[in-house]
Structure formats: structure tokens, C-alpha cells
Amino acid sequence: MLSVLRVHLPSDIPIVGCELSPYVLIRHPDKTVSTDDVSESLPVEGHFLRYKYRIQSDKKVAICSVHPSEQATLQCLGCVKAKIPVAKSYHCTPKCFSDAWQHHRILHERAASAVNENGNEEEDIYGRFNNGTSGVNNTSLSNLQALPGLANGTAPLYPAAFTQRNGGETWFEVGRSKHTHPQQMISVMFLMDLETKSPVGHPNTILTSRVIPAPSPSPRRLISVTNVDVAGNLDLEGRLSSAGTFTVLSYNILCDSYATSDLYGYCPSWALSWPYRRQNLLREIVGYLADIVCLQEVQSDHFEEFFAPELDKHGYQALFKRKTAEVFNGSIQTIDGCATFFRRDRFSHVKKYEVEFNKAAQSLTDALVPNAQKKTALNRLVKDNVALIVVLEAKFNNQGVDNLGKRQLVCVANTHVNVQHDLKDVKLWQVHTLLKGLEKIAASADIPMLVCGDFNSVPGSAPHALLAIGKVDPMHPELAVDPLGILRPASKLTHTLPLVSAYSSFARIGGGLGYEQQKRRVDPNTNEPLFTNCTRDFIGTLDYIFYSADSLSVESLLELVDEDSLRKDTALPSPEWSSDHIALLAEFRCKPRARR
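Calculation criteria
- Residues numbered from 1 in each chain as written.
- Predicted model: local features only at pLDDT ≥ 70, side-chain atom pairs only at ≥ 80, totals over all residues.
- Heavy atoms only, no water.
- Pairing = 2+ DSSP bridges.
- Helix = DSSP H or I, 4+ residues; strand = E, 2+ residues; numbered from the N terminus.
- 1 Å grid on protein atoms, 1.4 Å probe; cavity = no way out; pocket = protein on both sides within 12 Å on 5 of 7 lines; lining within 4 Å.
- Points joined across faces, edges and corners; volume = space filled by probe spheres on them.
- Nonpolar A, V, L, I, M, F, W, Y, C, P; charged D, E, K, R; others polar.
- Phe/Tyr/Trp six-rings, centres within 6.5 Å; stacked < 30°, edge-to-face > 60°.
- Buried < 20%, exposed > 50% of the residue type's maximum accessible area, 1.4 Å probe, protein only.
- Lys NZ or Arg CZ within 6 Å of the ring centre and 35° of its normal.
- Axes fitted to C-alpha atoms, helices over the stretch in contact; angles between N-to-C directions.
- Parallel < 35°, antiparallel > 145°, perpendicular 65-115°, else oblique.
- Contact = heavy atoms within 4.5 Å.
- Left-handed = near helix turned anticlockwise from the far one by under 90°.
- Salt bridge = Lys/Arg side-chain N within 4 Å of Asp/Glu carboxyl O.

Q: Describe the sheet that holds strand 2 (residues 23-27), with residues and values.
A: Spatially, 1-2-3 is the arrangement adopted by the 3 strands of the open sheet, whose pairing is antiparallel. The open sheet has two edge strands, strand 1 (3-8) and strand 3 (33-34), and neither has a second partner. Of the strand pairs in this sheet, strand 1 and strand 2 are connected by 5 bridges, and their pairing is antiparallel. Counted as the bridge partner of histidine 8 is tyrosine 23 from strand 2.

What follows is the structure, given as C-alpha cells:
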């Protein structure tokens, strides 16, 4: 007979809106064991599995905006008066509010700024990820009120027919399919049923903790870098791309196989779970409204089963390059890669190039390394990293009368360079190999270049110098480590592409509070963001968007995140931000082509 060996949920803390899918281990009548579902439409020897999801009571509970697993006891009255989303006003203790104040007061400042600049309340600035309205006011630590009976929104109403009383408690059945999206406090009951619909044996019941609302980060805004006297902060949702501009997003989303409690023990386990992270990442990515999206660390099965179909619903076409597997020893489905998406209404696909650095390593060793040293050389160079290069044709044109009818092409490179800190020569060689390939493409066509990705190289490193300056100083200290001789002579470490880092534009603007805030988040020595990667062990910049300055100009940039916004008591990933990297986004304008 069919029997259930084990039932458990991926997380003890259900999250509102995140799919809940129980793990069920089943023994079949032939003694085999599997995790496959046994549905009513496909029973096994007259038996099938039934799932019941129920909520306990309809009591409304307020949740702390900082620690979402804790019940709120205090509310900021300044938020209430300013009409900031009410969920952001709750705190579990006075210390919780005090610790989060530097982040929390930004909400009040932005509310005031929105009214001062626009003359009305900007709901989208605050409410893009949470329902609610926004307004203006300021508060202080004294503007707190103890409210033991707070409520986060309106309690749902369920038909009386589904109500069941159990030991004095009221339960409401809210679903029977295996997968569900919880909305309130829930209990999950697993039953074995006969085809007669009567239960067999005792049910397997799991009582979860209180369902908590999904936390959300403060929305980031586009900031103009072209005309600071006229343009101010641009709302992403209110932005309408002009005929000749397009936006590019680059984001390392943190592969699920790397998102372990061993590496990120400071992040709650429920916030590290893939069902939670994928919804949070998708919501963030879609919210940026980018025309071109370059993602790194996209797990192969997640690309096929989640990102490609979900972004297709939002009008994106998807391309993917999986890492090679000479070094990787896990399931081929969980190996990650680079994924590039583009909006079909803005671009069409022309050509795709796949760069496998392992193949380049084999060619290099065959040509330069003596046979006796080839194994050692390959062990150092073969690291599975790849790059995906896509040539797109724009469905818009701003070239003017003289260029009517000419195709506007854009070449987008998306890469993830090797992470190992002690392999600086390999990082530089991979970047140089990519750039030489892009040079060949540029030589064959008059085409702007965009080079995006996680380069695992800080500003001032040799790979960054090669990208940003076009060459590496022969005296650069990183050139001293070259056991294979692949970086000699240093004079060969050059390229002719006119690349500029998009985010260096923040260092060149001035005027206005918003611009000064951004400049403080840029390193004055390198003109790059102070960080794009923030964990407990490392904080620094590893991600970049480079562009051809002779054919593209930067119009605006997604504002940088500061440490206050991340809250001083945390690191990435966190319940609000589901990757250990932050997303970069730039808006570009195609420059008119010179007449020949």
C-alpha cells in the first residue's frame, strides 16, 4: 500500500506570496521510494495524496518592518501622518527602531522631497513594492506609540462553508493543491485518501509559525547625469524612453547552489530559500523596466524553469550561456551561467557569440606552453568561466535625416570572471581574451559596445585598468604573479575599444542634494561605486557596465545604495535584497554617426 515516510516544508516561516511546496517522501507498493506526487487523476492502487492548507483565526497581527519574524509593539506616528506605507512604521522594540533610524529617516526625507519637488504625493516612490501611499512629514525617536493590537492591512474574508472549529480555535481552509501561496497564518495538513474520498490512517500535520509579509527594499531611482540644471530624480515607472535611449541592467543574482547558511549564516534561512529569493529577485528585476538585462550566476534549471518563462511574460526574449563543466562536479542542471534578456518591442536578435575561456586556455597552452608544463598550466587556467556576447538591432532610431534607414546595432557582452583571489593572472587573462574578441567584432562593423558583468576585480586592479584605460601599467603589482608567462610582455595587454565605466559619470556631475549624495557613494580615486558587493567578509566593487564612449552617451544611472540603506546591522543577502550584489543600471543614448 502507498505510505508516507516523511513530510516537511522548505521553511518553517511561510512568506506571503511565496509558493509553498511540501517535500513528501513516499513508499510505493513495490517498495520503491520517490518524491513524486500522487494525484487524484493518477492514483496508485486506488490511493492518492490530498493536501489541505488552513489558516488559524482571522486575528490581525502587526509585523516588525525590520525583523519580520517578530510581532510589532511600536509604531512611528510620523510615518502614519506622512502616509508612508503603514507596514514600514512597525517596530518590535525601541532598540529596533533606534538601530534602524538612519535608514528609517530616509523615508521621511524622501516623502518631504517628493512633495517639495512635485507638489503632490509620489506614491510610486514608496509604494512600488508595498501597497500604500506616501506623503510628507518628519519624525523623531519620540514619535513612537505602543500599539499592542496593531494590524497589517485588512483581514481576509472566507466563506462560512470552509470554516472549521478545532478545540476552540477557528480554522479556514484556503487550498487543496500541492503548491500554494500563503496569505495569513497557516497550518499545513497532509492526508492520504481513498478514491472514496475517505482518509486512510492518521493525517500528517505540520504547524508552521506565523506567515510574515515579504520585506521589500526602498525603491531605487534613476538619476540624470546629462542636464543637472533641468533634470532631477526620475521615477523608474514614470520614465518613458525617448526614441534614441535604452536602459541596460547588470546584476549578479547569487546562484542558489551558492546561497548556503555556511556562507551567509547572518541571513535568515527563510530569506535564503529559493522560493522566496526567486520571487523577490523577479520583482526587483521586472521593476527596473530595463530594455536589456544581463544576469550572472543564473542556475541552468532556474533559467529554463523560471526566469525565461517569467520574463517572457513581460516581453523579454532570453539567451543563455552555461558555464563549462571541466571543473564543476555537481549536477549539470545546477551549474550557473550568464543570461541576457532584451525587450522584443525595443530590439531584435541579430547574432550570438559564446566565449568559453576553457577553450581559449587549451589553445593558449597548445601554442605557448611546453608539453611538460601543459597539465600544470591547464590546472591553473581552466575554471569554467564564460561570456555571452549578443548583437542586437534597435527598433528605434535617433540618427537624424542623414542616417535614415541605417541599422542601429548594439553589441552586449555579459560575463562572470573567475572569483579566486589568488588567481589574479587568470582574471586578467580572461578579461584580455574577452576584449580581443570584442575588438574583432568592432572591426567588422560600426557598432557600439557594452561590456557588463561581475569581473571579480576591484577598481584599480589590473583587469579594471585594462577595461577602463585600455592598458595595464607594466609596473602594476599584479603583473608580478605570472607563473605561466601568459601576461608577458605587458605591452600586449591593451585594447582599442573606447570603453568608459558608466558609473564614473556620477563623479563628473554636480549640483543638488541628490547628486551630492551619489558622489559621496563614489570612490574619488577610482570614480567607481564604493561597493557593489556587500557581505560580512567583503565590501567592495566587483560589477561594472562599460560602454563605447564614441558612440554612446550616459543619460541617467540607477542610484547607488549606501550602507545606511542596507541597515548597519546586516549584510547581503538579506530579507530585503536577495543577492550579495547590488544591481547596476544605466540609460544610454546612441550618438549620431559621423558622416563619411
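What follows continues from the structure just given.
Q: Summarise empty space enclosed by the protein; cite the residues concerned and give the values.
A: One pass over the structure, following the stated rule, counts 3 cavities of 30 Å³ or more. When its volume is computed, the largest cavity comes out at roughly 100 Å³. Surrounding the largest cavity, 13 residues form its lining, Ser11, Ile13, Glu19, Leu20 and Ser273 being those nearest its centre. Counted by class, the lining of the largest cavity contains 10 nonpolar, 2 polar and 1 charged residues.

Q: Residues and numbers for the packing of aromatic side chains, please.
A: In the structure shown here, the tally under the stated rule is 17 aromatic pairs. Measuring from ring centre to ring centre gives 5.1 Å for phenylalanine 306 and phenylalanine 307, while their planes differ by 75 degrees; the resulting arrangement is edge-to-face. Across this residue pair, the class does not change: phenylalanine 306 and phenylalanine 307 are buried. Aromatic pair tyrosine 503 and phenylalanine 506: ring centres 5.7 Å apart, planes at 65 degrees, arrangement edge-to-face. A residue is classified by how much of its surface remains accessible, and tyrosine 503, at 2% relative accessible area, is buried. Residue class for phenylalanine 506 comes out buried when judged on its relative accessible area of 0%. Site record: aromatic cluster; members linked through ring pairs are Phe246, Phe347, Phe396, Tyr547 and Phe588. Directly above the ring of tyrosine 316 sits arginine 343, whose terminal nitrogen or CZ lies 5.3 Å from the centroid.

Q: Explain the packing of helix 8 (residues 357-368) against helix 10 (residues 424-444) residue by residue, including any values.
A: Contact geometry for helix 8 and helix 10: axes closest at 11 Å, N-to-C directions at 95 degrees. Taken as axis vectors, helix 8 and helix 10 run roughly perpendicular relative to one another. Mapping the contact onto sequence places Phe357, Ala360, Ala361 and Leu364 in helix 8 and Trp429, Gln430, Thr433 and Leu434 in helix 10.

Q: Which residues make up the packing of helix 6 (residues 274-287) against helix 7 (residues 300-313), and what are the values?
A: In the contact formed by helix 6 and helix 7, the axes pass within 11 Å of each other and the chain directions differ by 35 degrees. Here helix 6 runs over helix 7; the crossing is right-handed. On helix 7, the residues that touch Trp274, Arg278, Gln279, Leu282, Ile285 and Val286 of helix 6 are His302, Phe306, Phe307, Glu310 and Leu311. Class assignment for the residues of the contact of helix 6 with helix 7 results in 7 nonpolar, 2 polar and 2 charged.

Q: I'd like a description of the pattern of salt bridges, backed by residues and values.
A: For the structure shown, the criterion picks out 17 salt bridges. Aspartate 345 is paired through a salt bridge with arginine 343; the nearest N and O atoms lie 3.4 Å apart. Here aspartate 345 falls in the exposed class, since its relative accessible area comes to 52%. In this structure, glutamate 439 and lysine 436 form a salt bridge, with 2.7 Å as the shortest nitrogen-oxygen distance. Here lysine 436 and glutamate 439 lie together in helix 10, a separation of 3 residues that amounts to about one turn. Taking the relative accessible area as the measure of exposure, glutamate 439 reaches 13% and is therefore buried. You can call lysine 436 partly exposed: its relative accessible area is 31%. Residues participating in the shared-partner salt-bridge network are Lys321, Lys352, Glu354, Glu356 and Lys359.

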